[in-house]
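# Observations on chain architecture
Here is how the chains run, residue by residue.
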Amino acid sequence: LTDNTLDGPIPSTIGQLTELNHLQLDYNQLSGPIPSTIGQITGLTALALALNSLTSYIPSEIGQLTNLKNLSLQGNPLCLPVPAEVDALAQYTYACTQGTCVETGPAGTAYIDFGILLPCQTLSPTADHVPPPPSPPPSPLPPPNPPPSPPPPS
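Worth saying up front: this structure is predicted, and the values here are computed from it rather than measured.

Quick look at the overall build of the chain now. What the chain contains, in helices and strands, is one helix and 11 strands. Considering only intrachain contacts with a sequence separation of at least 6, the fraction spanning at least 24 residues in the chain is 46%. With the model as given, the accessible surface of the chain reaches about 9200 Å², and the carbon-plus-sulfur share is 59%.

Turning our eyes to something else, we now look at the environment of Gly 32. If you trace the backbone, Gly 32 turns up in strand β3 (residues 29-32). It is 10.0 Å that separates the C-alpha atoms of Gly 32 and Pro 11, two residues lying 21 residues apart in sequence. Those residues in contact with Gly 32 that sit more than four places away from it in its chain are Ser 53, Leu 54 and Thr 55.

Turning our attention to the sheet that holds strand β5 (residues 53-54). Spatial ordering of the open sheet is given by β1-β3-β5, a layout of three strands whose pairing is parallel. A strand with exactly one partner marks an edge of an open sheet, and here the two such strands are β1 (7-8) and β5. In the sheet, β3 pairs with β5 via two bridges, with the strands oriented parallel. By the bridge assignment for β5, Gly 32 is matched with Leu 54.

On to the pairing of β3. The sheet contact formed by β1 and β3 spans two bridges and is parallel. Bridge pairing in β3 links Asp 7 to Gln 29.

We now examine the nonpolar core. Formed by 21 residues in total, the largest nonpolar core has its most connected members in Ile 34, Ile 38, Leu 47, Leu 49, Ile 62 and Leu 68. Excluding residues that lie within four positions of it along the chain, Ile 38 makes contacts with Ile 14, Leu 23, Leu 47, Leu 49, Ile 62 and Leu 65.

Mapped onto the fold, Asn 28 is located in the loop between β2 (22-24) and β3. Among the polar contacts listed, one links the side chain of Asn 28 to the backbone oxygen of Asp 26, at a separation of 3.2 Å. Apart from the residues lying within four places of it in its own chain, the contact partners of Asn 28 are Leu 1, Thr 2, Asp 3, Asn 4, Thr 5, Leu 6, Leu 51 and Asn 52.

With respect to the element layout, Lys 69 can be found in the loop between β6 (56-57) and β7 (70-72). As for Lys 69 and Leu 44, which are separated by 25 residues in sequence, their C-alpha atoms are 8.4 Å apart.

Relative to the assigned elements, Thr 55 resides in the loop between β5 and β6. Judged by relative accessible area, Thr 55 falls into the partly exposed class, the value being 29%. It is 6.6 Å that separates the C-alpha atoms of Thr 55 and Asn 76, two residues lying 21 residues apart in sequence. With sequence-adjacent residues up to four places away left out, Thr 55 is seen in contact with Gly 32, Pro 33, Ile 34, Pro 77 and Leu 78.

Quick notes on the rules
- Residues numbered from 1 in each chain as written.
- Predicted model: local features only at pLDDT ≥ 70, side-chain atom pairs only at ≥ 80, totals over all residues.
- Heavy atoms only, no water.
- Helix = DSSP H or I, 4+ residues; strand = E, 2+ residues; numbered from the N terminus.
- Contact = heavy atoms within 4.5 Å.
- Areas by Shrake-Rupley, 256 points an atom, 1.4 Å probe, with all protein chains shown as cover.
- Pairing = 2+ DSSP bridges.
- Core = buried A, V, L, I, M, F, W, Y, C linked by side-chain atoms within 4.5 Å.
- Buried < 20%, exposed > 50% of the residue type's maximum accessible area, 1.4 Å probe, protein only.
- Polar contact = N/O pair within 3.5 Å; in protein donor to acceptor, adjacent residues only side chain to side chain.

Put into structure tokens, the structure is as follows:
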């Protein structure tokens, strides 16, 4: 279904297509979050969702796709962080965050292209994608050292 001008959200019922091994919805006009039910299609070896208008966080349920060999998400305004479950699939990953591109390769077997990912501080949670808990505040800085005392008068 690549480049078919499909638009709107990916329906959550997509998870019922359990016999699929390739899902190619790239180069369309899909929008909204990637449904978490996509993790139910455990036979997938290729998932191409690139170059749409998909938003929100990458669902951790993609990490359940242990047969995945290729995951293509670039060209979507998706948000950091990448779930550890998804990152664990990667043999070779390519991701850009705020202008810095990183190639990594843990122990997995999939080629993953996230494209450009940015923090989503203003994103509202949806039923499918609740943002991760906020990071703890940084430790307070110690007070500055007081200036040295002047020498006593002679």
